[in-house]
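# Commentary on secondary and tertiary structure
Spelled out from the first residue to the last, the chains are:
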Amino acid sequence: MAISQREERDLLGHDAFSLIVPTHQPAIAALPPEELRAIATRLRAEHAKLRDLIREGKRAKRGKGDARAAAHAEAGKATRRKQVYASALKRVNSRFDELTQERRRAEHRAALKAALARRQALRAQHPSAGFGASAGMQNKANAKGRNHVHGARVGSVSAQNKRAQARRDG
C-alpha cells in the first residue's frame, strides 16, 4: 500500500522527512548521481537501523533479548517507518537504473555511429579481373571406375531362386 507524503511526514518527523523529500518526483529527476548515491547510503543506514530495532523488539517479546528493547520498538510504528525508508530507497534505486540505461543507450548509440563512420570511410573493394579468361574448369577422370553388371548376370539370382523353390515344391 502506498504511503502519502503527509503520512511520511507524520511518521518520521521533520528531520528524517527532510531525507525523504528529495526522493519524490520531480526533485529526484534533478539530482546528480553523486547526491543520489549519498542519499541512498543514508537511506540504507536508516532502514538497517530500524530493521535491527524491530528484530530486537521481536526477540524481546519472545523473551530472548533485552526487555527495554520490547518497549522501545513500538512494532507498528517502527515497521511503518521502515516501509517509508524502503519505498524511498526503491525510488532512488529505480532512478539509478534509469540513469544507467540512459548512459548505456548513449554509449551504444556512439558505438553504432563510430561503426557506421568506419564503414563509410572504407573504399569499396573490387577484385581485379586478372589477365584474361582461362580455359575454365576441367573434367577429372573418375578414379573409382564403373560398377557394371554384365548382361548375362542380370536377373540370374532371382531365376536361380525361382528354380530352387520349384524343386522344393515339386
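Residues numbered from 1 in each chain as written. Predicted model: local features only at pLDDT ≥ 70, side-chain atom pairs only at ≥ 80, totals over all residues. Heavy atoms only, no water.

## Description of the overall build of the protein chain
Secondary structure assignment for the protein chain yields seven helices and zero strands. Going from N to C terminus, the protein chain has its helices and strands arranged as α-α-α-α-α-α-α. Taking 15 Å as the expected radius of gyration for a compact globule of 170 residues, we find that the protein chain reaches 42 Å, considerably beyond that expectation. Seen along its three principal axes, the alpha-carbon backbone of the protein chain occupies a region of about 115 × 75 × 25 Å. (Helix = DSSP H or I, 4+ residues; strand = E, 2+ residues; numbered from the N terminus. Rg over C-alpha atoms; globule rule 2.2 N^0.38 Å.)

## So, a positive patch on the surface
On the surface, a cluster of positive charge is contributed by R55, K58, K61, R62 and K64. Mapped onto the elements of the fold, R55 is located in helix 4 (residues 33–62). (Patch = residues over 30% accessible without salt bridge, like charges linked within 9 Å, V, L, I, M, F, W, Y side chains within 5 Å. Areas by Shrake-Rupley, 256 points an atom, 1.4 Å probe, with all protein chains shown as cover. Salt bridge = Lys/Arg side-chain N within 4 Å of Asp/Glu carboxyl O. Lys, Arg positive; Asp, Glu negative; His and termini not counted. Charge placed at Lys NZ, Arg CZ, Asp CG, Glu CD.)

## Some words on the pattern of salt bridges
Once their charged atoms are close, side chains differing in charge can pair, the charge on each being opposite to the other. Under the counting rule described, the total for this entry stands at seven salt bridges. Here R51 and D52 are joined by a salt bridge, their closest N and O atoms 3.5 Å apart. Accessibility expressed as a relative area gives 39% for D52, which makes it partly exposed. For R95, the salt bridge identified is with E98, shortest N-O distance 3.0 Å. Of this pair, R95 and E98 both sit in helix 6 (residues 75–121), three residues apart, roughly one helical turn. On the basis of relative accessibility, which here comes to 11%, the residue R95 falls in the buried class. The class for E98 is partly exposed, based on a relative accessible area of 37%. (Buried < 20%, exposed > 50% of the residue type's maximum accessible area, 1.4 Å probe, protein only.)

## Considering the environment of H24
Among the secondary structure elements, H24 is positioned in the loop between helix 2 (14–20) and helix 3 (27–30). Under the relative-accessibility criterion, H24 is labelled buried at 11%. Sequence spacing of H24 and T100 is 76 residues, and the spatial spacing of their C-alpha atoms is 19 Å. Non-local contacts of H24, meaning those with residues more than four positions away in its chain, are made with Q5, E8 and R91. (Contact = heavy atoms within 4.5 Å.)

## A closer look at the environment of T79
The topology assignment puts T79 in helix 6. Accessibility expressed as a relative area gives 29% for T79, which makes it partly exposed.

## Some remarks on the nonpolar core
Core analysis: the biggest nonpolar cluster contains 20 residues, and I20, L36, I39, L43, V84, Y85 and V92 have the highest contact counts within it. Counting residues per element, the ones that place at least two in this core are helix 1 (5–12), helix 2, helix 4 and helix 6. Sort the elements by how many residues they give to this core and helix 6 lands first, with seven residues. (Core = buried A, V, L, I, M, F, W, Y, C linked by side-chain atoms within 4.5 Å.)

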